[in-house]
Amino acid sequence: MGDDAIFHLDGDTVVPSINAQGPWDPGVQHGGAVAGVLARAVEQVSTPVPMRVARFTLDMLRRVPLKPLTISTEVLRTGKRIQTVRAELHDGDLLVASAVAVSVRTGAEIETFPDRQPDAPLPPPPGSAGRPLGLNPRAPMPEGFPHVVEFDRVVGSNRGGTPSKTWVRLLVPFVRGEETSPLVNLMAMADFTSGLGAFLPFDQYVSINTDLTIHVVRYPTSEHIGIDAETWADPDGIGQSRARLFDETGLCALSNASLFIESRSNY
């Protein structure tokens, strides 16, 4: 695939490389690939005034196949303060994933800004733990999306539950020939909300996020995204994950995901 990008474009079609592959099925895309490609579609919709995405909600409606797909967008609401856009990913006539993004106007200056905001201490900086790559989440997978992401877990251990604080960095372009935007980078990395705080053994259970919602404080200014993740699960097979997302200067976003959990023997 040339530069090893996650996707390349063929007219109106987005074509995934092996780097879009997820961990649960070799024919299915990783949630980070899906989140990023729909965020890219949202970002290409024009706005009436300068705006940025304040909330992005992804629904994984079906398994998203590792094959060429088409994208459609629709403006659900637009105005001078708020715009809402829906982006959909299609396998032929079949809708496989959709996202709704709410963008809010920018440029208003806050004359009296509070000196103290809610405390969100940065995770230890990238490289501070010095852990070998064998402790990161790509180990069980021969190839796929986690192999084009650098993991630097600075607190916790793989499948060790919480606390879990990990810096992640995308190592290849998201789309061939394009610079990956801060929004696409943030959304693609935010999908690790559901995996980095996981505690169930990878070889015994599947744990798949059915959705992902990210509330964006601001766009990141660094390639590294810090993920301070927590995961809970109930014996009935439903779980929840949440995370605080950072760049190297501070808090960027808050994310939440619902989990479908099942024994691998039944999947």
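Here the structure is a predicted model, which is why all the values come from computation and not from measurement. (Residues numbered from 1 in each chain as written. Predicted model: local features only at pLDDT ≥ 70, side-chain atom pairs only at ≥ 80, totals over all residues. Heavy atoms only, no water.)

Trainee: Account for helix α2 (residues 182-190), with residues named and values stated.
Mentor: In terms of burial, α2 is largely enclosed, as eight of its nine residues are buried. Every buried residue of α2 is listed here: Leu183, Val184, Asn185, Leu186, Met187, Ala188, Met189 and Ala190. (Buried < 20%, exposed > 50% of the residue type's maximum accessible area, 1.4 Å probe, protein only. Helix = DSSP H or I, 4+ residues; strand = E, 2+ residues; numbered from the N terminus.)

Trainee: Explain unusual backbone geometry to me, using residue names and the numbers behind them.
Mentor: Cis rather than trans, the peptide bond between threonine 162 and proline 163 has omega equal to 0°. Tracing the sequence through the fold places proline 163 in the loop between β7 (149-155) and β8 (164-170). One non-glycine residue, arginine 159, adopts positive backbone phi at about 60°. Among the secondary structure elements, arginine 159 is positioned in the loop between β7 and β8.

Trainee: Lay out the environment of arginine 242 with the relevant residues and their values.
Mentor: Structurally, arginine 242 is set in strand β12 (residues 238-247). There is a polar contact of 2.8 Å between the side chain of arginine 242 and the side chain of glutamate 230. (Polar contact = N/O pair within 3.5 Å; in protein donor to acceptor, adjacent residues only side chain to side chain.)

Trainee: Explain the nonpolar core residue by residue, including any values.
Mentor: Counting 54 residues, the largest nonpolar core has Ile6, Leu38, Phe56 and Leu89 as its most contacted members. Here the element with the most residues in this core is helix α1 (residues 31-43); it accounts for eight residues. Apart from the residues within four sequence positions on either side, isoleucine 6 is in contact with Val15, Pro16, Ser17, Asn19, Ala20, Ala33, Phe145, Val148, Leu170, Val172, Pro173 and Phe174. (Core = buried A, V, L, I, M, F, W, Y, C linked by side-chain atoms within 4.5 Å. Contact = heavy atoms within 4.5 Å.)

Trainee: Give me the side chain of threonine 57: which residues, what numbers.
Mentor: Mapped onto the fold, threonine 57 is located in strand β3 (residues 51-60). By relative accessible area, which is 18% here, threonine 57 ends up buried. At 3.4 Å, the side chain of threonine 57 and the side chain of threonine 213 are in polar contact.

Trainee: A description of the pattern of salt bridges should follow, citing residues and the corresponding values.
Mentor: Using the criterion set out here, one finds ten salt bridges in the structure. For lysine 67, the salt bridge identified is with aspartate 91, shortest N-O distance 3.2 Å. Of this pair, lysine 67 sits in the loop between β3 and β4 (69-77) while aspartate 91 sits in strand β5 (residues 82-91), and the two are 24 residues apart along the sequence. A salt bridge links glutamate 223 to arginine 169; the shortest N-O distance between them is 3.4 Å. Remark: arginine 169 occurs in strand β8 and glutamate 223 occurs in the loop between β10 (211-216) and β11 (225-233); sequence separation between them is 54 residues. By relative accessible area, glutamate 223 is classed as exposed at 52%. (Salt bridge = Lys/Arg side-chain N within 4 Å of Asp/Glu carboxyl O.)

Trainee: An account of the packing of aromatic side chains is needed here, citing residue identities and associated values.
Mentor: Considering all chains together, one arrives at four aromatic pairs under this definition. When the centroid spacing of 5.9 Å and the interplanar angle of 25° are considered together, the rings of phenylalanine 145 and phenylalanine 192 count as stacked. Separated by 47 residues along the polypeptide, phenylalanine 145 in the loop between β6 (94-105) and β7 and phenylalanine 192 in the loop between α2 and α3 (193-196) bring together distant segments of the chain. Judged on exposure class, the residue phenylalanine 145 and its partner phenylalanine 192 are both buried. An aromatic cluster is built from Phe145, Phe151 and Phe192, whose rings are joined through pairwise contacts. A cation over an aromatic ring shows up here: arginine 264 above the ring of phenylalanine 202, its NZ or CZ 4.7 Å from the ring centre. (Phe/Tyr/Trp six-rings, centres within 6.5 Å; stacked < 30°, edge-to-face > 60°. Lys NZ or Arg CZ within 6 Å of the ring centre and 35° of its normal.)

Trainee: Could you give an account of the packing of α1 against α2, naming the residues involved and the relevant values?
Mentor: With their axes 7 Å apart at the nearest point, α1 and α2 run at an angle of 155° to one another. One way to sum up the angle between α1 and α2 is to call them roughly antiparallel. Where α1 crosses over α2, the handedness of that crossing is right-handed. Taken together, the residues of α2 that come into contact with α1 (itself represented by Gly32, Ala35, Gly36, Ala39, Arg40 and Glu43) are Leu183, Val184, Met187 and Ala188. (Axes fitted to C-alpha atoms, helices over the stretch in contact; angles between N-to-C directions. Parallel < 35°, antiparallel > 145°, perpendicular 65-115°, else oblique. Left-handed = near helix turned anticlockwise from the far one by under 90°.)

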